[in-house]
Amino acid sequence: MSLFSPIQLRSLTLKNRIAVSPMQQYSAKNGVPGNWHLVHLGSRAVGGAGLILTECTAVSPEGLATLNDVGIWNDEQKNAWKNIVDFVHEQDAKIGIQLWHSGGKGSLKHPNERMKPLSEEEGGWTVKSSSARDFNGVFAEELTIPEIHELKVKFVQAAFRAVDAGFDTIELHAGHGYLFHQFYSAVINKRHDEYGGSFENRIRFLVETVQEIRKAIPESMPLLVRISAVDYIESEEAWTLEDSIALSEILKENGVDFITASGGGFTNVSKDRVFPGYQVPFAKAIKEQTGILTGAVGMITEAQQANDIISNEEADLIIIAREHLRDPYFAIHSAKELDIETEIPWQYKRAF
Ligand SMILES: Cc1cc2nc3c(=O)[nH]c(=O)nc-3n(C[C@H](O)[C@H](O)[C@H](O)COP(=O)(O)O)c2cc1C
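What you are looking at is a predicted structure, and each value in this text was computed from that prediction instead of being measured.

Q: An account of the overall build of the protein chain is requested, with residue identities and associated values reported.
A: Helix and strand counts for the protein chain stand at ten helices and 14 strands. Here the C-alpha coordinates of the protein chain stretch approximately 60 × 40 × 40 Å along the principal axes. Here the protein chain, with 352 residues, has 59% of them falling under the buried criterion. Across the protein chain, every contact between residues at least 6 apart in sequence was considered, and the portion connecting residues at least 24 apart equals 70%. Surface exposure of the protein chain reaches about 14800 Å², of which carbon and sulfur atoms provide 48%. Where the 34 positive side-chain charges of the protein chain centre and where its 48 negative ones centre are 3 Å apart.

Right, dumping it as C-alpha cells:
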C-alpha cells in the first residue's frame, strides 16, 4: 500500500491518499464562496490531491466565526459551491464540504483585526454554546433544548444543499473547540439535562446529528467526522484519546465511515507537543481499536513521511493543510519523489 493506492469509502473512490485539509480563507461575503475559493480549491485539485475538503462551512449565519467565513444555508451559496465542485470534478479530483457551527467561538473580527469580538454595530451577534460562559471576550448563552433540535435541522438542511451542489462527501467539523466539541468536552459542557453530564449525554448532540444526516444523504455517500482526539488540557475534565475511541466506535455504528483525528481548540497547544506527525498516534489508535478508516493530520509535510504512515497502516488518508499552501502541487511532487506514476493535467505536462 502506498500514498498513491486508491481508497474506497462507500461508493466514492479516491485516486490517492492525499487530502487537502480544510482551511478557512476569511475571504467570503454573505457566506458565498467566490473567485478566491474557486482558485484556491481548484489549484489544489489541479495539483493532484485525491480529495479536496472545503474550509469549515456554516450551516446558519450564527454558525459563522467571522463575517468572512463561508456558509451553505441558502441557495445563492449552494449555487456558488456548485461551480467550484464542477471545476474540481473536471480535474478528476473529489470534493467534500466541511459542515460546521462555531457555537461560542463566533461573532469575531477578521484575523487581520486579530479576531477581536465584533460589536453589535459591526454586525456582531449573540453566540450560544452548550453552557453559558465567556469565550475570549464573547459571552455565550446556553442553548435551550428546542434550540438544539433546531440546530440538528440546520445541519440536515445544509447536508441536503451539499448533496444538491454535487459534493462527493460531507465532513462534520466536530473538533477544534467548535459547537460539537463544546458539547462533548466536559471542560466546556456544564449542563444538567440529557445533553450534559455523562459521556453518553455529552456526545448526544453529535450522535443525533449524525443519525439525522445519515438518513438525509444517499446511502452511497460517505460521511466523515473530524474530532479533536484530545483537548491538550491538563484537567480531569479534559477529553481523552480513550473517549475518542469510544466515540468513534459509536459514530461507526451510526454510519460514519471515516474519522479525522485532530486535536485541541480551547487553548493554545504548548510547543513541545507539536512536532512532525504529532497527531498520527491518534489516527492509529482509533483505527486499530475500532476498525474505522482514519485520517492523520498535523505537520505532515514530506512525501516519504506521508507514504510511511500509509504503508505502516497508521492511517488511511493523509490530510495536509499548510504544506498545501506552500505547494499546491504537493501530490504531483510527491509522486515524482516516490517514483510513482500519476496523472498530470495535460496543459502542464511539458513542465513535469
Ligand atoms: C489557514 C488555516 C485555516 C484552517 N481552517 C480550518 C478549518 O476550516 N477547518 C478545520 O478543520 N481545520 C482548519 N485548520 C486546521 C488544519 O486543517 C490542520 O488541521 C492544521 O493546520 C494542522 O495541519 P498542518 O500541519 O498540515 O497545517 C486550518 C489551518 C490553517 C493553517
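Q: Just give me the short version of the UniProt feature "domain: NADH:flavin oxidoreductase/NADH oxidase N-terminal" (unreviewed entry) in the protein chain, but keep the residues and values in it.
A: UniProt marks residues 2-337 with the feature "domain: NADH:flavin oxidoreductase/NADH oxidase N-terminal" (unreviewed entry), using the numbering shown here. Split by type, residues 2-337 is 35% helix and 19% strand. Its first and last C-alpha atoms lie 13 Å apart.

Q: So, unusual backbone geometry: which residues are in play, and what are the values?
A: Positive phi is not limited to glycine here, since M115 has a value of about 50 degrees. As for its position among the elements, M115 is in the loop between β6 (94-100) and β7 (127-129). At D339, a position not held by glycine, the phi torsion is positive, near 60 degrees. Take D339: it is sitting in the segment after α10 (330-338).

Q: I'd like a description of helix α7 (residues 280-290), backed by residues and values.
A: For an α-helix the count is 3.6 residues per turn, leaving residues at separations of three or four pointing the same way. Of all the positions in α7, only V280, F282, A283, A285, I286, K287 and T290 are classed as buried. Backbone geometry just downstream of α7 places G291 in the positive-phi region, at approximately 80 degrees.

Q: How would you sum up the pattern of salt bridges? Please name residues and give values.
A: Scanning the entire structure with this criterion turns up 20 salt bridges. A salt bridge links E142 to R191, with the nearest nitrogen and oxygen atoms 3.9 Å apart. Of this pair, E142 sits in strand β9 (residues 138-142) while R191 sits in the loop between α4 (179-184) and α5 (199-216); the two residues are 49 residues apart in sequence, bridging distant segments of the chain. Its relative accessible area of 40% is what places E142 among the partly exposed residues. Owing to a relative accessible area of 4%, R191 belongs among the buried residues under this scheme. When the shortest N-O distance is used, the salt bridge between K215 and E212 registers 3.4 Å. Taken as a pair, K215 and E212 lie in helix α5 at a separation of three residues, close to a single helical turn.

Q: Can you tell me about the pairing of β6, naming the residues and giving the values?
A: With six of seven residues buried, β6 is to be regarded as a mostly interior element. Relative to β6, strand β4 (residues 51-58) is paired through six bridges, and the arrangement is parallel. Bridge pairing links L51 to K94 in β6.

Q: So what's going on with the site of the ligand? Residues and values would help.
A: In the vicinity of the ligand, 16 residues are found, and the nearest of them are S21, P22, Q24, M299 and R322. In this structure, R226 approaches the ligand through a side-chain N or O atom, which is 2.9 Å from an oxygen atom. One of the side-chain nitrogen or oxygen atoms of R322 is found 2.6 Å away from an oxygen atom of the ligand. Here the ligand, which alone exposes 600 Å², has 82% of that area covered by the protein. Tallied by class, the residues present in the shell around the ligand amount to seven nonpolar, six polar and three charged.

Q: Lay out the sheet that holds β9 with the relevant residues and their values.
A: On the basis of which strands lie adjacent, the open sheet formed by three strands has the order β7-β9-β8 and mixed pairing. At either end of the open sheet lies a strand with only one pairing partner, and these are β7 and β8 (133-135). Taken pair by pair, the neighbouring strands of this sheet meet at an average axis angle of 45 degrees, ignoring direction. Sheet topology places β8 next to β9; three bridges connect them, and they run antiparallel. Residue pairing in the sheet places R133 in a bridge with A140 of β9.

Q: Which residues make up the packing of aromatic side chains, and what values do they have?
A: If you walk through the whole model with that rule in mind, you get twelve aromatic pairs. A centroid spacing of 5.4 Å and a plane angle of 90 degrees characterise the contact between W100 and Y178, whose relative ring orientation is edge-to-face. With a gap of 78 residues between them, W100 in strand β6 and Y178 in the loop between β10 (169-174) and α4 connect regions that are remote in the sequence. Judged by relative accessible area, which is 10%, Y178 ranks as buried. Residues F199 and W239 carry aromatic rings whose centres are separated by 5.7 Å and whose planes lie at 10 degrees to one another, so their mutual orientation is stacked. With F199 in helix α5 and W239 in the loop between β11 (223-228) and α6 (241-253), this pair connects stretches of sequence that are 40 residues apart.

Reading the values: the criteria
Residue numbers run consecutively from 1 along every chain, following the written order of its sequence. For a predicted model such as this one, the threshold for reporting local features is a pLDDT of at least 70, and the threshold for listing and counting side-chain atom pairs is 80 or more; totals across whole chains, interfaces and linings nevertheless cover every residue. Values shown for side chains rest on all heavy atoms present in the structure; no hydrogens or waters enter the calculation. In DSSP terms, a helix is any run of H or I states spanning at least four residues, a strand is any run of E spanning at least two, and both are numbered starting from the N terminus. Throughout this description, buried means an accessible area under 20% of the type-specific maximum (1.4 Å probe, protein chains only), exposed means over 50%, and partly exposed covers the range between. A contact between two residues is defined here by any heavy atoms of the two lying within 4.5 Å. Method for areas: the Shrake-Rupley scheme with a 1.4 Å probe, in which residue coverage is limited to the protein chains shown. When charges are counted, Lys and Arg are positive and Asp and Glu negative, with His and the chain ends excluded. Just so you know, the charge point we use is NZ for Lys, CZ for Arg, CG for Asp and CD for Glu. UniProt positions are given in the numbering used here, feature names are shortened, and annotations may be inferred rather than shown by experiment. A carboxyl oxygen of Asp or Glu within 4 Å of a side-chain nitrogen of Lys or Arg is what we treat as a salt bridge. Strand pairing is assigned whenever DSSP detects at least two bridges linking the two strands. Any residue with at least one heavy atom within 4 Å of a molecule or strand is counted as near it. Identification of polar contacts relies on pairs of N or O atoms within 3.5 Å, with a donor-acceptor requirement for protein atoms, meaning one able to donate a hydrogen and the other able to accept it, and with residues adjacent in sequence counted only if both atoms are side-chain atoms. Residues are sorted three ways: Asp, Glu, Lys and Arg are charged, Ala, Val, Leu, Ile, Met, Phe, Trp, Tyr, Cys and Pro are nonpolar, and all the rest, Gly among them, are polar. Only the stretch in contact is used when fitting a helix axis, every axis being a line fitted to C-alpha atoms; angles between N-to-C directions are given from 0 to 180 degrees. Working definition: a ring pair exists when centres of Phe, Tyr or Trp rings (six-membered ring for Trp) sit within 6.5 Å. Plane angles under 30 degrees give stacked, over 60 give edge-to-face, the rest tilted.

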